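Next come the chains, spelled out residue by residue.
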Amino acid sequence: MTRVFDLHADLGMNIILKQEKNETRILENYHIQPMLQGEVYYCAAASFFDGSQNWKQMKEMITETRREIESSDCGWIRKPKDLDPESDKVSFIMTVEGMCGIHSNPKEKISWMYDQGVRIASLVWNETNDLATGTAGDPARGLTDKGRKVIREMNRLHMIVDVSHANEHTFWDIYNTSERPVIATHSNCRTLCEQPRNMTDEMIIATAERGGLIGMNSYRRFISADRKHQNALALAKHAKHIADIAGHQCLACGFDYLDYYRDMSKNKNDLYRADQTQNFIKALREVGFTEDQVEDIGYRNVFRFLKDNM
Ligand SMILES: [Zn+2]
């Protein structure tokens, strides 16, 4: 067994949906146990915005996610000293996926998110918004001036920029604007699976050269177009490809498990829930990573990155 840091779990939406049904203690009742079974001791609790939310709705999801973390029997990562390699509880770090609700006063809003505990954030999901362009947007459009301001403010606060849903144009604009390394919390390789959500070799190498991270995504369509190869072993081969072209120090996990949203009856494989996470760790050994490298990919690369950049 190897400890794992999962850089992407869409927990914010799940918290809101369950609260609407008058449920409480959602992390404890639904999420922490499967994480512990899979040795996921560190997890990014993302607040996800698909382009349709306003600032009030963004604030609500981020606030409720913070309250859940504060009231649960878990750790909360806000500073490097909160990274405990021996903790027996799950620790969460707050992240944001998409900033569609930001139209004015970006500096104030980023600062509010930071005060709530958000330490990693992407400017855009797949849509096009006031700040940036996602994977479904115009390939000729990238970051806007407002988006550049957001990047600078994030750099100033040490809030980490996530490029996972950015289109290629936005990726390179962010790369050229950000003074700090960026991370792709949940993206694989385009060379092994042609998909705009995955990264080209050039993007991977550029991210790694600056000390950034790439979190391996378990979503089956981002692993392979071929149903027979949508599994933990095929995902480990993405990791192997990245290690071959850019070194293993940039590798991390960002599984984006969706079992708590989707009916998985037709989508089951050996890596769709947190309690199956060790299947990926086992697959990393099978494709040739050493025990030391497996530990790095499991959580140590993320610890090192956060200690340097948070
Ligand atoms: Zn996503």
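Everything discussed here concerns the structure shown above.
In this report, the structure presented in the accompanying data block is examined.

So, about the overall build of the protein chain. Helix and strand counts for the protein chain stand at eleven helices and nine strands. For 310 residues, the compact-globule formula gives about 19 Å, and the C-alpha radius of gyration of the protein chain, at 18 Å, lands near that figure. Taking contacts inside the protein chain between residues at least 6 apart in sequence as the whole, the part at least 24 apart equals 73%. Accessible area of the protein chain: about 12,600 Å², with a carbon and sulfur share of 46%. Across the protein chain, the centroid of the 40 positively charged side chains sits 2 Å from that of the 45 negatively charged ones.

Looking at the zinc ion, the protein donor atoms are E97 (OE), H165 (NE2) and H186 (NE2), and they sit 2.0 to 2.2 Å from it. Read from N- to C-terminus, the donor residues coordinating the zinc ion fall into the pattern E-x67-H-x20-H. Of the two residues, E97 is situated in strand β4 (residues 91-97) and H165 in the loop between β6 (160-161) and α6 (168-177); the sequence distance between them amounts to 68 residues. Here the two residues E97 and H165 agree in accessibility, since each one is buried.

Each aromatic ring pair is described using two quantities: the centre-to-centre distance and the angle formed by the ring planes. Taken as a whole and judged by the stated rule, the model has 15 aromatic pairs. Taking 6.4 Å as the distance between ring centres and 55 degrees as the angle between the ring planes, the aromatic pair formed by Y41 and Y42 counts as tilted. Here Y41 matches Y42 in class, with each residue buried. Relative to W125, the ring of F48 has its centre 5.1 Å away and its plane inclined at 65 degrees; by these criteria the two rings are edge-to-face. Here W125 lies in the loop between β5 (118-122) and α5 (145-157) and F48 lies in strand β2 (residues 40-48), a separation of 77 residues in the sequence. Judged by its relative accessible area of 14%, F48 is buried. Looking at W125, the relative accessible area reads 24%, which means it is partly exposed.

Further remarks concern unusual backbone geometry. Trans is the common state for peptide bonds, and a negative phi is the common state for residues other than glycine. Non-glycine residue H158 carries a positive phi angle of around 65 degrees. Within the element layout of this structure, H158 appears in the loop between α5 and β6. The backbone of D256 sits at a positive phi, close to 55 degrees, despite the residue not being glycine. Overall, the relative accessible area of 10% leaves D256 in the buried class.

For the rest of this paragraph, the subject is the pattern of salt bridges. Overall, the coordinates contain 17 salt bridges when judged by the stated rule. Notably, a salt bridge pairs E153 with R156, separated by 2.9 Å at the nearest N-O pair. Remark: R156 and E153 occur in helix α5; sequence separation between them is three residues, near one turn of the helix. Across the pair R285 and E291 runs a salt bridge, and its minimum N-O distance is 2.9 Å. Take E291: its relative accessible area is 43%, and that puts it in the partly exposed class. Taken together, the shared-partner salt bridges in this structure form one network comprising D292, E295, D296 and R300.

Ranked by size, the top nonpolar core spans 79 residues in total, and within it F92, M99 and M113 carry the most contacts. With seven residues, the single largest contributor to this core is helix α9 (residues 232-246). Beyond its immediate stretch of four places on either side in the chain, M113 contacts W55, M58, I62, V96, M99, V118 and M159. Counting 19 residues, the second largest nonpolar core, distinct from the first, contains Y41, I93, I120 and I160.

The rules behind these values
Residues numbered from 1 in each chain as written. Predicted model: local features only at pLDDT ≥ 70, side-chain atom pairs only at ≥ 80, totals over all residues. Heavy atoms only, no water. Helix = DSSP H or I, 4+ residues; strand = E, 2+ residues; numbered from the N terminus. Rg over C-alpha atoms; globule rule 2.2 N^0.38 Å. Contact = heavy atoms within 4.5 Å. Areas by Shrake-Rupley, 256 points an atom, 1.4 Å probe, with all protein chains shown as cover. Lys, Arg positive; Asp, Glu negative; His and termini not counted. Charge placed at Lys NZ, Arg CZ, Asp CG, Glu CD. Donors = N, O, S within 2.8 Å, 3.2 Å for Na, K, Ca; no water. Buried < 20%, exposed > 50% of the residue type's maximum accessible area, 1.4 Å probe, protein only. Phe/Tyr/Trp six-rings, centres within 6.5 Å; stacked < 30°, edge-to-face > 60°. Salt bridge = Lys/Arg side-chain N within 4 Å of Asp/Glu carboxyl O. Core = buried A, V, L, I, M, F, W, Y, C linked by side-chain atoms within 4.5 Å.

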